[in-house]
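Next come the chains, spelled out residue by residue.
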Amino acid sequence: MDRIRIVGGQELTGTIPISGAKNAALPLMIAALLTDETLTLENVPHLADVERLIRILGNHGVDYSVNGKRDHQNGATSYARTLNFTARDIVDTTAPYDLVSKMRASFWVIGPLVARMGEAKVSLPGGCAIGTRPVDLFIDGLQALGADIDVDNGYVIAKARKGLRGNRYVFPKVSVGATHVLMMAATLARGETVLENAACEPEVANLAECLNAMGAKISGAGTPTITIEGVDGLSGASVRVIPDRIETGTYAMAVAMTGGDVLLEGARPDLLESALDVIVQTGAEIIPTNEGIRVRRNGAGIAPVDVTTAPFPGFPTDLQAQFMGLMTMARGKSRITETIFENRFMHVQELARLGAHITLSGQTAIVEGVSKLKGAPVMATDLRASVSLVIAGLAAEGETTVNRVYHLDRGFERLEEKLSGCGAVIERISG
Ligand code: EPZ
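Each chain carries its own residue numbering, running from 1 in the written order of its sequence. For a predicted model such as this one, the threshold for reporting local features is a pLDDT of at least 70, and the threshold for listing and counting side-chain atom pairs is 80 or more; totals across whole chains, interfaces and linings nevertheless cover every residue. Only hydrogens and water are removed before side-chain values are computed, so all heavy atoms of the structure are retained for them.

Undergrad: Which parts of the structure should I look at to understand the side chain of Ser274?
TA: Helix and strand definitions follow DSSP, with helices as H or I runs of at least four residues and strands as E runs of at least two, each counted in order from the N terminus. Take Ser274: it is sitting in helix 9 (residues 273-281). Counted as a polar contact is a pair of N or O atoms within 3.5 Å, where, for protein atoms, one must be capable of donating a hydrogen and the other of accepting one, and residues adjacent in sequence contribute only when both atoms are in side chains. In this structure the side chain of Ser274 is engaged in a polar contact, spanning 3.2 Å, whose partner is the backbone oxygen of Pro313. Excluding residues within four positions of it along the chain, Ser274 makes contact with Pro313, Gly314, Phe315 and Pro316. We call two residues contacting when some pair of their heavy atoms lies within 4.5 Å.

Undergrad: What's the story with the site of the ligand in this structure? I'm lost.
TA: Here a residue is considered near a molecule or strand provided that any single heavy atom belonging to it is located within 4 Å of it. Residues in contact with the ligand amount to 23 residues; listed here are only the nearest, Asp136, Ser175, Asp318, Ile340 and Arg384. Residue Asp136 places a side-chain N or O atom 2.6 Å away from a nitrogen atom belonging to the ligand. At a separation of 2.6 Å, an oxygen atom of the ligand approaches a polar backbone atom of Ile340. Across the complex, the protein chains shield 91% of the 830 Å² of accessible surface that the ligand would expose by itself. Listed by contribution, the elements that provide at least two residues to the shell around the ligand are helix 1 (22-31), helix 5 (136-144), helix 6 (176-187) and helix 12 (383-395). The element best represented in the shell around the ligand is helix 5, accounting for 3 residues. Residues are grouped as follows: Ala, Val, Leu, Ile, Met, Phe, Trp, Tyr, Cys and Pro are nonpolar; Asp, Glu, Lys and Arg are charged; every other residue, Gly included, is polar. Among the residues forming the shell around the ligand, the class breakdown is 11 nonpolar, 4 polar and 8 charged. Where each domain starts and ends follows an automatic or database-derived domain assignment. Both domains that meet at the shell around the ligand, namely domain 1 (3-19 + 243-429) and domain 2 (22-240), each give it at least three residues. In this description, accessible areas are obtained by the Shrake-Rupley approach with a 1.4 Å probe, and a residue is regarded as covered only by the protein chains that are shown.

Undergrad: Please clarify how helix 2 (residues 48-60) should be interpreted in this entry.
TA: Because each turn of an α-helix spans 3.6 residues, side chains separated by three or four positions in sequence point in the same direction. Expected helix span is taken as 1.5 Å per residue step, with the number of steps being one fewer than the number of residues. In this model, helix 2 (13 residues) spans 19 Å end to end at C-alpha, consistent with the 18 Å of a helix rising 1.5 Å per residue. Considered for burial, the residues of helix 2 that qualify are Asp49, Val50, Leu53, Ile54, Ile56, Leu57 and His60. In the segment just after helix 2, Gly61 is the residue with positive phi, at about 110°. Exposed residues in this analysis have more than 50% of their type's maximum accessible area, buried residues have under 20%, and partly exposed residues fall in between, with area computed by a 1.4 Å probe over protein chains only.

Undergrad: How should helix 1 be read in this particular structure?
TA: Among the 10 residues in helix 1, 9 count as buried, and that is most of the element. When we look at burial in helix 1, the residues that qualify are Lys22, Ala24, Ala25, Leu26, Pro27, Leu28, Met29, Ile30 and Ala31.

Undergrad: Quick question: what am I supposed to make of the pairing of strand 21 (residues 333-337) here?
TA: Within a regular strand, the side chains alternate between the two sheet faces. Any two strands between which DSSP finds at least two bridges are classified as paired. Across 2 bridges, strand 20 (residues 307-308) lies against strand 21 in parallel orientation. Bridge pairing in strand 21 links Thr308 to Thr337. In this sheet, strand 23 (residues 364-368) lies alongside strand 21 in antiparallel orientation, the contact comprising 5 bridges. When the sheet's bridge partners are listed, Ile336 is paired in strand 23 with Ala365.

Below is the structure:
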């Protein structure tokens, strides 16, 4: 199993190109199931989760091809790919356990499959490292659109032989995935659907932009009320994946922790204002430029800041672990409260191995900043937890080895290369 070895203590200086967002690319790829024409996606990151979803979609009959390996933008070369997906014939409406259990987002195929084919049988995704993550909202919402749902032998079976019908559905709780699924399903329903208390995440707006380019009639995506006028069919389209706001925030926090001056090339400040505000409060400078976002911190220490995670536009849960990494070296005490997932503090124990002082009280972590961390072997437990250990390792004295790196490969493209390009001493050790 690969490991990452870091020798900490270097400031980060230079340019880091920001990749396309994993959490936007995945639902956009799933949207290809809604049409028999080709959906072209630009700026797709090269990540393990993307490769896995390609295989899952292939099982339903989706063909894909890659247009060139490199993408030239503003004179710089990124490794983002343009992928074409064509679901001419859906050959299988079942998504089996062995595929869905490996990646929760693959459950989302249920929406397009039932909308286009009138049926879908999708394995329950089960729990995962960060919490139980139920699917009740997907079931309630699809029922509101007229689907008959059975849960049998670990599968959710959705049927709508005569097609789905538009309806009003108020989400009892904000869910990104359930918003994606109901929005996709409603594009092909008869009549109007109004989704209230919908997720406002930029990835939802990116999916709506894609669906509209395919001929859907969606308004309000990115706000809590989304209106979808059903259409008879969707066509092909070409859409660009938005830059990854979580990758952006992660590297911004790395610079805030190590000190230095880095341009996050291609990053969009409007996608993560609340996180950038918090980073500024810690004492780093954030400068939006035409090329992206410049992050800078010199000499001065890190100020402690309290945060509470919340749905967009609040502070993202996907940056909570990284922020905790940063706070371990703040000049004082901070409180970090997690409100989205019940078990997303697995990085606490591992950060403690580097010398961090953190105590847990329910859903709140109290972090007592220390003046220095010391390198140690640590274990990655999930995607964002792993990268918090990388950040802390970059700032720690001496050598840190992060084990179980496959978690990082799910969501961070060329992490070692991007960081070593800015002066970090970081390498992957294979085997
Ligand atoms: C998306 O997950 C992201 N995944 C997650 O990123 C992210 O942490 C999360 O949104 C919140 O922002 C992708 O986009 C692929 P939710 P999702 O449904 O859609 C509860 C990462 O590291 N809930 O918004 O699965 C749920 O348990 C990942 O990239 C129900 O109760 O999250 C959670 O407490 C991890 N019933 C809350 O809602 C349901 O039917 C929000 O989850 C569905 C969800």
